Amino acid sequence: MSTDSVKLLILRASPYAMRAILGLEAKGVKYELIEEDLSAQSQLWLESNPVYKKIPVLLHGGKAIPESLFIVLYVDEAWPERAAFFPKDPYARAMTHFWGDFIDKKSGFTQLDAKPFFNGTGIGYADIFLAPLAAWLRLFVELAGIRAPTAEEAPKLHKFFNAIREHPATKVAFPDPDELLSYVTMAA
């Protein structure tokens, strides 16, 4: 599929934007990143997602795909010749959807440690949903006082966070931790 008209409208610090960027990066899709200003929604932003008026929004071939969940699904299907986000086995595929939904809605550290994320061969759908937590965890601990589990309490989760932070796709998808901290403290 053509990649010459792929644009992604984002708010840089958003974990949802991180998901969309990570999906595009993991597939190796070339795209133009358009950073939006939360205080002054552009006409392109408003026209691209007239229902919810939220970002991220992926623009491809004149069509707008809103919300990170749908963007990641679209990217996986639009570029099927590249590493798939889902396994072929129907049960494994269903469980991948389950974990993506669980992460999106609940994100319980204890339950997440039981799931072996990021098998090292490629980034999957559930990995894309969990990865932004690796970027935001420091802020949750420092600013919100949330107690994160130790490496002894959640060894698989810590292993995932360490591995995903080193993946080349997250180098683009994740803002610098100090940049993220600065954004959050400015927005508060």
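Refer to the structure presented above.
Residues numbered from 1 in each chain as written. Predicted model: local features only at pLDDT ≥ 70, side-chain atom pairs only at ≥ 80, totals over all residues. Heavy atoms only, no water.

Caption draft 1: Representation of the sheet that holds strand 3 (residues 57-60) in the model. One open sheet holds the four strands; their spatial order is 2-1-3-4, and the pairing between them is mixed. The sheet terminates laterally at strand 2 (32-35) and strand 4 (63-66), the two strands that pair on one side only. Within this sheet the neighbouring strands show an average axis-to-axis angle of 20°, counted without direction. Both strand 1 (residues 6-10) and strand 3 contribute to a ladder of four bridges, which runs antiparallel. Among the inter-strand pairings, Lys7 is bridged to a residue of strand 3, identified as Leu59. Taken strand by strand, helix 3 (residues 68-78) contacts strand 1, strand 3 and strand 4, and its axis lies near 125° from that of strand 4. (Pairing = 2+ DSSP bridges. Helix = DSSP H or I, 4+ residues; strand = E, 2+ residues; numbered from the N terminus. Axes fitted to C-alpha atoms, helices over the stretch in contact; angles between N-to-C directions. Contact = heavy atoms within 4.5 Å.)

Caption draft 2: Here's a closer look at the pairing of strand 2. Of the pairings in the sheet, the one linking strand 1 to strand 2 comprises four bridges and is parallel in character. Counterpart to Leu9 in the pairing with strand 2 is Ile34. The handedness of the strand 1 to strand 2 crossover, carried by helix 1 (residues 15-27), is right-handed. (Right-handed = clockwise from strand over helix to strand, strands pointing away.)

Caption draft 3: The packing of helix 6 (residues 125-144) against helix 7 (residues 155-166), seen in detail. For the pair helix 6 and helix 7, the least separation of the axes is 9 Å and the interaxial angle reads 90°. Looking at the two axes, helix 6 sits roughly perpendicular to helix 7. Residue-level contacts link Asp127, Leu130, Ala131, Leu133, Ala134 and Leu137 of helix 6 to Leu157, Phe160, Phe161, Ile164 and Arg165 of helix 7. Its residues assigned to classes, the contact of helix 6 with helix 7 comprises nine nonpolar, no polar and two charged. (Parallel < 35°, antiparallel > 145°, perpendicular 65-115°, else oblique. Nonpolar A, V, L, I, M, F, W, Y, C, P; charged D, E, K, R; others polar.)

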